[in-house]
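This is what each chain is made of:
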Amino acid sequence: MVFSCCAVICSNRQTAENKDNGVTFHRVPKNKEQRKLWVQALCRIDLSTGQLWEPTNFSYICSQHFRPEDFDRTGQTVRLRKNVVPSVFLFPSNLQRKPVKKRTTNTSQRTPASDVEVPCSKDKEALENLDSSIAQAIASDHSYIITDSPRELKRKLDDLIEQAEILQQQLYNATHRKKCLHTATGVGTLENYKCDLPE
């Protein structure tokens, strides 16, 4: 049986040429904990399920995905050391982890939440102490707190929907009356008459 590497974007197969180049193949471990570590390191997604790929008993990874110190080359065969996880991959750009930039100054870091006290829009005393323009901005821009229960919110939503339906019906009735009045009297609406009014 010819083995092929199961790592993403690796096309190594067990051929004479690869063997001459020193490429060896290593079976995914059967130990559940070690196997899970290997699967997470591979970052391979099963397209049919959308979950992490689950290796079979015939899944192999080539030696190019291990560091040189991960191998035990003391015997005739090249073996992996105990508890080694593959760590050398050439992932596509969408799967690569972006390095996190560390901040260089302390001034750009966030202040801990316990040090800052921003008055809630419901706290009227604190808002009265602030400048009126700042208080208005806080009250209008930061009123994201929902204090009502889900049932109360549902009741308010139902009331608003009912009001919208009533207003739609009133608009329809007004438009209908306007059309009826126009046909009954034969008088056009103001939009039909152009008046040259002095400016």
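Please read all numbers here as calculations on a predicted model, not as lab measurements.

1. Details of the environment of Thr175
Along the chain, Thr175 turns up in helix H5 (residues 150-185). Only 2.8 Å separates the side chain of Thr175 from the backbone oxygen of Leu171, close enough to count as a polar contact.

2. With respect to the confidence of the model for the protein
Per-residue pLDDT for the protein has a mean of 75; in total, 66% of the residues score no lower than 70. Residue range residues 113-119 is modelled with pLDDT below 50. Its contacts to residues more than four positions away, or to other chains, number 4 contacts.

3. Let's talk about the packing of aromatic side chains
Using the criterion set out here, one finds 2 aromatic pairs in the structure. Consider the rings of Trp38 and Phe66, whose centres lie 5.5 Å apart with planes at 55°: the pair is tilted. With a gap of 28 residues between them, Trp38 in helix H2 (residues 32-42) and Phe66 in the loop between strand E2 (60-62) and strand E3 (71-72) connect regions that are remote in the sequence. With 5.9 Å between their ring centres and 70° between their planes, Phe66 and Phe71 make a pair best called edge-to-face.

4. Quick look at the environment of Asn57
Residue placement: Asn57 occurs in the loop between H2 and E2. The spatial distance from the C-alpha of Asn57 to the C-alpha of Arg27 is 7.8 Å, given a sequence separation of 30 residues. Look past the residues within four positions of Asn57 in its chain and what remains in contact with it is Arg27 and Arg35.

5. Comments concerning H2
Those residues of H2 that sit buried are Gln34, Arg35, Trp38, Val39, Ala41 and Leu42. Down the axis of H2, the sector holding all buried residues measures 160°, keeping them to one side. Exposed and oriented more than 90 degrees from the buried face of H2 are Lys32, Glu33 and Lys36. Its buried side turned inward, H2 meets strand E1 (25-27), E2 and strand E4 (79-80).

6. Thoughts on the pattern of salt bridges
In this structure the tally under the stated criterion is 6 salt bridges. In this structure, Glu54 engages Arg35 in a salt bridge whose closest nitrogen and oxygen atoms are separated by 3.8 Å. In this pair, Glu54 is assigned in the loop between H2 and E2 and Arg35 in helix H2, connecting sequence segments 19 residues apart. Classification of Glu54 by relative accessible area gives exposed; the value is 56%. A relative accessible area of 12% places Arg35 in the buried class. Taking the shortest distance from any N to any O, the salt bridge between Asp70 and Arg67 comes out at 3.3 Å. In this structure Asp70 comes out as buried when scored by relative accessible area, which is 5%. Using a relative accessible area of 39% as the deciding quantity, one classes Arg67 as partly exposed. Look at the salt bridges and you will find they share partners, linking Arg67, Glu69 and Asp70 into a network.

Parameters and conventions
- Residues numbered from 1 in each chain as written.
- Predicted model: local features only at pLDDT ≥ 70, side-chain atom pairs only at ≥ 80, totals over all residues.
- Heavy atoms only, no water.
- Helix = DSSP H or I, 4+ residues; strand = E, 2+ residues; numbered from the N terminus.
- Polar contact = N/O pair within 3.5 Å; in protein donor to acceptor, adjacent residues only side chain to side chain.
- pLDDT = per-residue confidence, 0-100.
- Contact = heavy atoms within 4.5 Å.
- Phe/Tyr/Trp six-rings, centres within 6.5 Å; stacked < 30°, edge-to-face > 60°.
- Buried < 20%, exposed > 50% of the residue type's maximum accessible area, 1.4 Å probe, protein only.
- Arc of directions from axis to C-beta.
- Salt bridge = Lys/Arg side-chain N within 4 Å of Asp/Glu carboxyl O.

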